[in-house]
Every structure is written in structure tokens, then in C-alpha cells.
Amino acid sequence: MAGKDRKKQLARQRYERQMQRRAARQAQARRIKIIGTVAAVAVIAGGGGAIAFAMNTSDKKSTTTASASKTPSAQPTVTAKPGECAYQPLTDSQNAKDVGTPPVKPVKGTYEMSIDTSQGKIVAKLDGTKAACTVNSFNYLASKKFFDNTKCHRLDTGIKVLQCGDPSATGSGGPKYGFGNENVPKGNASGQATYKRGMIAMAHSSQPNSNGSQFFIMYGDAQLPADYTVFGEITQGLDVVDSVAKAGATAPDPQSGMTAPKKKIEIKHLTVTKMG
């Protein structure tokens, strides 16, 4: 092989390896990337160059096709029948935990979610009317002890978010099913909405119908894309979240960009019960 052709071959192989490593990182951090406002965008060094991210990482990383065999693809959409929830299989998350699938018939009414954590108790009132399929899923996962002994893995002090609900604590875990948005706040002309202090909402990736088990608690008002299901509000224990937030966040992880709370908080036990 001529020297010039050999150099081209080596350059192509290096490029392919870079793309494979990038795709592997994208697959690892595929799930649960909340996008902040333009003001929240920062740049960190990682991999082979600078990575732009909003809050912790950019959803753009999740949708960039780097390798046909490595890059996660969008899941097919499952259409729900009237009065039922559409929970669809998610097969491309290596940290997914198989606990079956919730019943397709959603719950109704108001529920209470009680979260016993290592830092104190947090209680939320869940809206089983406006976010029936989300609350139905939480009720099911709680019955499977899915959230028990799991860490709240992410803290963003810029837009005042504490994120929990991933048994793997990597930001890429959840159940082996996903579902679509419900009860998304109305956005402005720029597609932004105010997520208020005390709201509890679903986190998801850029993939369609990728709501799973990860949720975030707002400990302050913030403008976010109008793309996240609000399924309840904190009624007790917001001071617990405040104390965790006050301690600050770690430096961004070089691979995922995730910032974890310095003051560790673990969900010991989580229950969901019907109110009234």
C-alpha cells in the first residue's frame, strides 16, 4: 500500500474510533437531559474537544448520529387507545431495570407521594387527573420498590433543580419502558415556560416518549423549555431540598457533564397512596 493511502487509512480509522467513543458516551448519557436557557449554556473540555451543554449536557449530543451500530435511535411510537396509557419498550439503555410495565388503565384523582430520604422526609401531592399516566407509572414503580435505596444523582444550581429516580445514579437509568408528556406548562413565543419552586416534573431525553422514572424538584423558579410533564407539587420537605442545594454541586463529570449534589441525598423508601 502506498504511503499516502496508508496515511488516509490510518486517519479514517482514528476518526471511526473517535466516533465510536463519542457514540458510547451518548448512549451512556442518553436519558434525562434537561435543557436550560441560553444563559445556562456553558462549555467544558471533554473527549476530543469542547462540548457545549445546557445545565449538565446538551440534548444535541443525544440526537447526533455518530455510528449506525452504536448511536441510540428513536423508539417507535405506541398509540394509546382512548382512556388508556401508552407505555412502550425502551431497548437501548444499558442501565434500564426491568420491572414489567404498568397497567394501561390510568389512575384517577389525587395521590400523595412520600419520600423518606437520608436528609429528611419530602412529601408531594400528585395530580392523577392532569398527569394520569405519569402518576399511574409512579404508583406502579413504587409498588415494585423501584425508587428505594437510590441516590438523587444530579443538582443544577443554575436553574435550581434536584434530580432523582435513577437506580443506577448515572443519569442513564430507569425502567425498560417509556411514555409521552402530559400536563406541560404553556410556553411563550420562544417555547419557554416558568417552572415554579415546589413543582415536581418528569425528566426525559431528546428521544420521543422517553419519560421513565427520573424526576426533578424545582427549589426555585426557572425558565425551561415547555417540554416537561408537571405531575405534582411539594407540600412538605422543600427545606430538605434547600439544604442539599445550599451545599452546592460537584464539578461536572468529564464524560456526562453531570453535576451531583455535594451533600449526598438518598431515597430510602418511596410510597404513593390515594388521597381521600
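For the structure, check the block above.
The present account deals with the structure reproduced in this document. (Residues numbered from 1 in each chain as written. Predicted model: local features only at pLDDT ≥ 70, side-chain atom pairs only at ≥ 80, totals over all residues. Heavy atoms only, no water.)

Okay, the state of the cysteines next. Following the criterion strictly, the structure yields 2 disulfides and no others. With a sulfur-sulfur separation of 2.0 Å, Cys-85 is cross-linked through a disulfide to Cys-133. Given an S-S torsion of about -90°, the disulfide between Cys-85 and Cys-133 has left-handed geometry. Here Cys-85, found in the loop between α2 (59-63) and β3 (88-89), pairs with Cys-133, found in helix α3 (residues 132-143); they are 48 residues apart in sequence, far enough to count as distant. With relative accessibility at 14%, the residue Cys-133 sits in the buried group. Here Cys-152 connects covalently by a disulfide to Cys-164, the sulfurs 2.1 Å from one another. Between Cys-152 and Cys-164, the S-S torsion sits near 95°, and that sign places the bridge as right-handed. Of the two residues, Cys-152 sits in the loop between β7 (150-151) and β8 (154-156) while Cys-164 sits in strand β9 (residues 161-164), which places them 12 residues apart along the sequence. Across the pair, Cys-164 and Cys-152 agree in class, each one buried. For the protein chain, the disulfide bridges join cysteines in the arrangement 1-2, 3-4, where the cysteines are counted in sequence order. (Disulfide = S-S within 2.5 Å. Helix = DSSP H or I, 4+ residues; strand = E, 2+ residues; numbered from the N terminus. Buried < 20%, exposed > 50% of the residue type's maximum accessible area, 1.4 Å probe, protein only.)

Using the criterion set out here, one finds 3 salt bridges in the structure. Lys-268 is the partner of Glu-266 in a salt bridge, and the nearest nitrogen-oxygen pair spans 3.6 Å. Among the residues examined, Glu-266 registers a relative accessible area of 21% and is labelled partly exposed. Taking relative accessible area as the criterion, Lys-268 reaches 42% and is therefore assigned partly exposed. (Salt bridge = Lys/Arg side-chain N within 4 Å of Asp/Glu carboxyl O.)

It is worth spelling out unusual backbone geometry at this point. At Lys-145, a residue that is not glycine, the phi angle is positive and equals roughly 60°. Residue position: Lys-145 is located in the loop between α3 and β7. Even without being glycine, Asn-149 reaches a positive phi, approximately 60°. Here Asn-149 is to be found in the loop between α3 and β7.

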